[in-house]
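Residue-level structural notes
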Amino acid sequence: MEKHLSQMTLKELIRPEGIRCSCGKVHRCGLKWFKTGSGIIRELPDALQSIGARKPFVVMDENTEKAAGHQVRRVLKDAGVPYAEFVFPHREGKMEPDEYAVGALTMALDPTCDVLLAVGSGVINDCCKVVAHACGKPSAVVCTAPSMDGYCSNSASMIVNHVKVSLYNACPQVILGDTDIVKTAPDIMLQAGLGDMLAKYVSVCEWRYAHLIHGDPYCEEIADMVRTCLKKIVEQADGLMKREDAAINAVLEGLVISGISMAFAEISRPASGLEHYFSHVWEMLALQRGEPSDLHGIQVGVGTLLTLWLYENVLNIDRVDTERARKAMAAFSPAEWEARVRRVFGATAEPILDIEKQSGKNLPEGHEKRLQIIEAHWDEIKKIIRDELPSREWVYSLMKRCQMPLTPADLGISRQDTVDALVVSRDIRDKYLTSSLLWDLGLLDEAAERIPSA
Ligand SMILES: [Zn+2]
Ligand SMILES: [Zn+2]
């Protein structure tokens, strides 16, 4: 490896042959063209040509049409590129990535087009990924907001039969992030993007000790690539709400590179930890109740502060109290655990119970094995936490300066939903989180009782 991942240009990161890494793996992602910067929209015809696309199917909604759609049409016309288009009709409330949206898009699709071009951010991009995958065409995206890190992911976050699911398909081949367009996004979307990036402090920290305790494959090069993006973003963060170019560019680039980091690692670990699971649970609960949710990154920002509070407590533990941990394991009731999963997840509890059948994370043998590793490596685990995490006050004050919501109460989320989200976070996937560490130490229920929710 000639250069570290964190020092590579965007072009080097996405080279088609991939990167032979010092971790022994070859990292690659499906993205073929990616640029950010002022006026980049003019390169759209070149970007499409680079993937061999001749006729894009341009997909937008009324808002993204205003933000970028008109410019996309103009640029394509000027370059003599034929296209067809679909503007999602106005729907009451927030547009959801559900069967209705995918159906509406599919009915309108012009089969003579050879690429789906999403003009938007989360929902439009996700719907385009699903339809492009279903009809065997590539997808491309013109970003309209720096609001989440899903641009480059190979999964789409969808709602099927009122349940949130990840559908695995393919990542877009082209991502075009024109900062002149992106900086016109509403405040809340800029704040959401920052929230989704601040989460990466926790994700990288958890990834490192999950490697130690749980054996998850870890790559220091990828972790460092994420840290480098995050550093650039926080250095510029005070310019974000003033829509300074450098700040907008740093966030947008960081969000796409986070997506690349997950593709490289072939797991979500570099970009998603416990803070994301607060958001996942809150979103699932809102869907069950037919209520709207806040933007992903806004919830994740609040989840990041909650997780940093948990770490303040973890760092106060001088020595692992194995007796307490073993007592908690001995007192663990699978029936009570199952009752809680059923209470929180309702109709969607079954697949979550199945995860436990496969992973067996609640079994005493696994617990004992992990506990011994934790005890033997306690100083090292605390060092990882100190190395990776900024203080909660520092993140709090940064988020406050950006006028972001700071507590579950700020989002109208109840104390019960916050407590539940923490406790069941470790059940949603077979993934070792901060909550898993606390559970192994016999401290999760106590932490849940004390967690500040307002
Ligand atoms: Zn690597
Ligand atoms: Zn995220």
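Procedures and definitions
- Residues numbered from 1 in each chain as written.
- Chains lettered and ligands numbered in written order.
- Predicted model: local features only at pLDDT ≥ 70, side-chain atom pairs only at ≥ 80, totals over all residues.
- Helix = DSSP H or I, 4+ residues; strand = E, 2+ residues; numbered from the N terminus.
- Rg over C-alpha atoms; globule rule 2.2 N^0.38 Å.
- Buried ≥ 20, exposed ≤ 12 C-beta atoms within 10 Å, placed from the backbone.
- Contact = placed C-beta atoms within 7 Å.
- Domains from an automatic or database assignment.
- Pairing = 2+ DSSP bridges.
- Core = buried A, V, L, I, M, F, W, Y, C linked by C-beta atoms within 7 Å.
- Axes fitted to C-alpha atoms, helices over the stretch in contact; angles between N-to-C directions.
- Parallel < 35°, antiparallel > 145°, perpendicular 65-115°, else oblique.
- Left-handed = near helix turned anticlockwise from the far one by under 90°.
- Nonpolar A, V, L, I, M, F, W, Y, C, P; charged D, E, K, R; others polar.

1. A look at the overall build of the protein chain
Looking only at helices and strands, the protein chain features 20 helices and 10 strands. For a compact globule of 454 residues, the expected C-alpha radius of gyration is about 22 Å, and the protein chain comes in at 22 Å, within 12% of that figure. The dimensions of the protein chain, computed from C-alpha atoms along their principal axes, are 75 × 50 × 40 Å. Expressed as a percentage of its 454 residues, the buried residues of the protein chain come to 46%. When contacts within the protein chain are restricted to residue pairs at least 6 apart in sequence, those whose partners lie at least 24 apart make up 78%.

2. Some words on the domain arrangement of the protein chain
Its domain assignment divides the protein chain into domain 1 (5–185) and domain 2 (190–217 + 267–450). Computed from C-alpha atoms alone, the centre-to-centre distance between domain 1 and domain 2 is 31 Å. Contact with domain 1, which involves 11 residues of that partner, is made by 13 residues of domain 2.

3. Some thoughts on unusual backbone geometry
Positive phi values are uncommon outside glycine, yet Glu266 reaches one of about 60°. Relative to the helices and strands, Glu266 resides in the loop between helix H9 (245–265) and helix H10 (274–289).

4. Some words on the pairing of strand S9 (residues 163–168)
Successive side chains on a regular strand alternate, one facing one side of the sheet and the next facing the other. In the sheet, strand S8 (residues 155–160) pairs with S9 via six bridges, with the strands oriented antiparallel. The residue of S9 that forms the bridge with Met158 is Val165. Here S8 folds back onto S9 in antiparallel fashion, the turn holding two residues, of which Asn161 has a positive phi close to 50°.

5. Digging into the nonpolar core
In terms of nonpolar packing, the biggest core is built from 135 residues, with Val59, Leu117, Val119, Ile175 and Val251 touching the most fellow members. Residue contributions to this core peak at 14 residues, all from helix H7 (residues 187–214). Split by domain, this core shows at least three residues from each of two domains, domain 1 (5–185) and domain 2 (190–217 + 267–450). In this structure Val119 touches Val58, Val59, Met60, Thr64, Ala68, Gly69, Val72, Ile124, Val142 and Thr144, once residues within four positions along its chain are discounted.

6. Remarks on the sheet that holds strand S10 (residues 174–178)
Taking strand neighbours across the sheet as the criterion, the six strands line up as S3-S10-S7-S6-S4-S5 in an open arrangement whose pairing is parallel. Two strands bound the open sheet, and with one partner strand each, they are strand S3 (33–37) and strand S5 (84–88). On average, each strand axis in the sheet is inclined to that of its neighbour by 15°, with strand direction left out of account. Alignment of S3 against S10, held across five bridges, turns out to be parallel. Bridged to Trp33 within S10 is Val174.

7. What about the packing of helix H12 (residues 322–331) against helix H15 (residues 364–376)?
Where H12 meets H15, the axes come as close as 11 Å, and the angle between the chain directions of the two elements is 165°. Considered as vectors, H12 and H15 are oriented roughly antiparallel to each other. Classified by chirality, the crossing of H15 by H12 is right-handed. Between H12 and H15, the residues in contact are Thr322, Ala325 and Met329 and Pro364, His367, Leu371 and Glu375, respectively. Partitioning the contact of H12 with H15 into residue classes produces four nonpolar, two polar and one charged.

8. Looking at helix H18 (residues 415–424)
All of the buried residues along H18 are Thr418, Ala421, Leu422, Val423 and Val424. On its buried face, H18 is in contact with H10, helix H13 (334–345), helix H19 (434–440) and helix H20 (444–450).

9. Topic: the packing of helix H8 (residues 220–236) against H9
It is at 9 Å that the axes of H8 and H9 come closest, and there the two elements cross at 165°. Relative to H9, H8 is oriented roughly antiparallel. H8 and H9 meet at a crossing whose hand is left-handed. For the pair H8 and H9, the contacting residues are Ile222, Met225, Val226, Cys229, Leu230, Lys232, Ile233 and Gln236 in the first and Ala246, Ala247, Ala250, Val251, Glu253, Gly254, Ile257, Ser258, Ser261, Phe264 and Ala265 in the second. When grouped by side-chain class, the residues that make up the contact of H8 with H9 number 13 nonpolar, four polar and two charged.

10. Here's the deal with the pairing of S10
Counting buried positions over the five residues of S10 gives five, a clear majority of the element. Of the two faces of S10, the one carrying Val174, Leu176 and Asp178 and the one carrying Ile175 and Gly177 are both buried. Two strands pair when backbone bridges link them, and strand S7 (residues 139–143) and S10 are joined in this way by three bridges, in the parallel orientation. The residue bridging Ala140 from the neighbouring strand is Val174, located in S10.

11. Structural notes on the environment of Gly136
For Gly136, the location among the structural elements is in the loop between helix H5 (122–134) and S7. Assessed through the 7 C-beta atoms surrounding it within 10 Å, Gly136 is described here as exposed. With 21 residues separating them in the primary sequence, Gly136 and Val115 have C-alpha atoms 9.4 Å apart.

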